[in-house]
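# Breakdown of the fold
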Amino acid sequence: MTDRIADIWGERTPHGSGQAWPERVDQVLAEGLTDGDVDRWVQSACVLCSNGCGCDIAVKDGKLVGIRGRAQDRVNRGRLGPKGLYGSWQGEEHPDRLTRPLIRVDGRLVETDWDTAMGRIVERSKELLASKGPLSHGFYTSGQLFLEEYYALGMLGKAGIGTPHMDGNTRLCTATAAAALKESFGADGQPGSYTDIDECSAIFLYGHNMAETQTVLWSRVLDRLDGPNPPRLVCIDPRDTEVARRADVHLPVHPGTNLALMNGLVRELFANGWIDEDYIAEHTANVDQLRSVVEPWTPEKVAETCGVQAADVRRAAEIFGTEDRVLSTVLQGFYQSAHATASACQVDNLHLLRGMLGRPGCGLLQMNGQPTAQNNRECGADGDLPGFRNWENPQHVQDLARLWNVDPGIIPDWAPPTHALQIFRYVEQGSIELLWISATNPAVSMPQLERIRHILDQDSLFLVVQDIYLTETAQYADVVLPCAAWGEKTGTFTNADRTVHLSEKAVDPPGEARSDLDVFLEYARWMGFTDKDGRPLLDWSGPEDGFEAWKECSRGRPCDYTGLSYNKLRGGSGIQWPCTEGLPDGTERLYTDGGFPTAPEYCESFGHDLLTGATTGETEYKATVQPGKAWLKALDYTPPHEEPDADYPLRYTTGRTAYHFHTRTKTGRSRRLNDAAPEPWIEMSVEDAARAGCQEGDIARVTSRRGSLEVPVRVGDIRPGTVFAPFHYGYWDTSDGDTSDGGPHRAANELTITEWDPVSKQPLFKNAAVRVEKLRSGDGPSKAPDTTASRRATGAQR
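Here's what I pulled together on the structure shown here.

### What to know about the pattern of salt bridges
Inspection of every chain in the model, using the stated rule, returns 63 salt bridges. Here Arg669 makes a salt bridge to Asp96, at a shortest N to O gap of 3.2 Å. With Arg669 in the loop between strand 22 (650–655) and helix 25 (671–676) and Asp96 in the loop between helix 1 (82–87) and strand 5 (102–105), this residue pair connects regions lying 573 residues apart in the sequence. Under the relative-accessibility criterion, Asp96 is labelled partly exposed at 36%. Between Arg792 and Asp786 there is a salt bridge, with its nearest N and O atoms 2.7 Å apart. The exposure class of Asp786 is partly exposed, given its relative accessible area of 35%. Salt bridges sharing common partners tie together Arg124, Glu127, Lys132 and Glu433.

### Description of unusual backbone geometry
Here the residue pair Trp577 and Pro578 is connected by a cis peptide bond, since its omega of 0° sits within 30 degrees of zero. One non-glycine residue, Asn286, adopts positive backbone phi at about 90°. Along the chain, Asn286 falls in the loop between strand 12 (284–285) and helix 11 (287–294). Phi at Asn405 takes a positive value of approximately 55°, unusual for a residue other than glycine. Structurally, Asn405 can be placed in the loop between helix 17 (394–404) and helix 18 (420–429).

### Details of helix 12 (residues 299–306)
For helix 12, every residue scored as buried is listed here: Pro299, Val302, Ala303 and Cys306. Buried positions in helix 12, seen along its axis, are confined to an arc of 100° and lie on one side of it. Its buried side turned inward, helix 12 meets helix 9 (258–271) and helix 13 (310–322). After helix 12 finishes, the residue Gly307 shows a positive phi value of roughly 75°.

Each value, and the rule that gives it
- Residues take numbers from 1 onward in each chain, read along the sequence in its written order.
- The model is predicted, so local features are restricted to residues of pLDDT at least 70 and side-chain atom pairs to those at 80 or more, both for listing and for counting; the totals for chains, interfaces and linings are taken over all residues.
- Where side-chain values are given, they derive from all heavy atoms of the structure, hydrogens and water being excluded.
- Whenever a carboxyl oxygen of Asp or Glu lies within 4 Å of a side-chain nitrogen of Lys or Arg, that contact is scored as a salt bridge.
- Each helix corresponds to a stretch of at least 4 residues labelled H or I by DSSP, and each strand to a stretch of at least 2 residues labelled E; elements are numbered beginning at the N terminus.
- Relative accessibility under 20% of the residue-type maximum defines a buried residue, over 50% an exposed one, and the middle range a partly exposed one, all with a 1.4 Å probe and only protein chains included.
- As used here, the arc is the angular range of directions from the helix axis to the C-beta atoms.
- The contact definition used throughout considers only heavy atoms, calling two residues in contact when any of these lie within 4.5 Å.

In structure tokens, the structure reads:
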């Protein structure tokens, strides 16, 4: 195996259209060990991106010592990316791990035992429920727990406490995927499959830097591009990414203008007759409104608005309109930008207009940003009702109440679920007084960080944090609970193409750390949550009990797991839901018959107005829906919330590097990964850097209306007028660990705006106005990676 820090995607194994992706097993063991030294291998799947690669964990003397890809797994065929190889167990075996609970005493966090820590939480929780009711409680979780943990959290929040204030950091990364799927098809669930890469004749990546966000999936694309009959490739991204460099057409749009481009692409399909009239008539509704909305968006108008060439818009549309098997993937460049849901719906519309769903190579993947984000959405930990049930449908609420044997009145269905940014606003306003944060780090990941730090530091807030390290967020907590990490607990999770994996416990967690599931079950016991018959609400003895309970919750719903079991998931590859008695091997693609889950009694949502986010409501929905048909939804383009002006003349966008995951809680503690990208930077074009008087490595101050940061400059191949910053970097590994407002800042979200998409409520991280000024000369090049889109300028971007 090559050095996967320098050679991120590894050796090529080319394959042609319709051929199976060849196996290639990647493996890393601790220094000095060989296969013969390993005591045992334990089945799992990687949790350091949203791809969900099957893997085995090497164990020796009760410790994690290595990892290898599973050759038989449908997702990765043995491959692993740099984070999986160098950040999985390496990021967990660090002396910083939390091993005992902490409580705040006289302003300081001090070690204590579990009973004391849980006692404090339960005392405050009962006090607030008695005096102020369930709306005093909020839960903010992750996209990295296991299915069983999300379902337990969803049950205790909805049927134990009865609060609608539940969400996850999936709101930041994947909420638009769910929203767009619900708006177009009536329910969440990716129509396509990763195997569509092996079958397609063209691939469109919309705001999806797959080469760095899902390195193994990009390896699969590279193997098609280097094989016989390669697919044509179209990239929409303002940066000169690795995807852009391999593309037949690169559309480097201005941040915030995605919807204008998408309206133009859809218009070209109508204008050139590249549509399937029969499919549209039989399987969709609303085509006339869609045609009317996109009609003004000629390629010339798109070019003027988006800053691209009209000829390139035509070329991209022609590829989509004339190839017979097109795969589309969408990610944060669309989800975290203005008009997020409307733009993602236009991707759905392209496929509906051509009848390209449910067939090999005609995949649609509204991607997820985290490994278990799909389960958060399925299980109700993000505020939605479990099993893709509709909170506006009284029968769905009754179904849940019957399943849980609770009074339906306790299930909060009187208003939309509270999204993450609103939860923090309620804390700011003082109505939420107990906030429980699990496995996420909003003190670095949320927009407008100065405000978030102030919210977490409020005297009125009782803050509970459970995590594996003392994160920037945990430093504000009243109680910190030490939790088990990947490899230290058992559970299942589902990736972006609906593949369910089982991850088995390989070793014990350090010290007194416990699994997140054990923490939730323990809290439910202490609180005395019971059903109508007085039995414990959560009477599970472990994760397998939780999985069996979840199966019943999913029965008959789009995400039906009833054909799965722990035993069935052991030994082989992952299996895609729905998996039932009638579909024992799972389901590779959805909507193969052109039927969609839009019937009022079954759908997950009655839909929204894409401009305002107002719900359509049951009455109007029933009056207009054509059950079984997909919706062709559309919205005209308007400029984003914040545009460049004389004071802030540049557009600011954030994103990832291949070497880190989220706020570097684990990857920052891996020596190989941290050495590859040790500190933050900003990327500027050659022209913009010269205008600011900056050269490569100089230290610059970047300022928005929310704050500023001081970081080195990378002069790169980003489009002129745009500044990029990686969002991973916080403050835990700075010299003083400072998160206060006193010193120079370096976190990308110091600058981002507290605004969100009206439907998905996803924050707009990729759209702000900034200015850049040189502070001082650097002492050499910035430490931004030269192996990825952040490499030094080559003149590729114009």
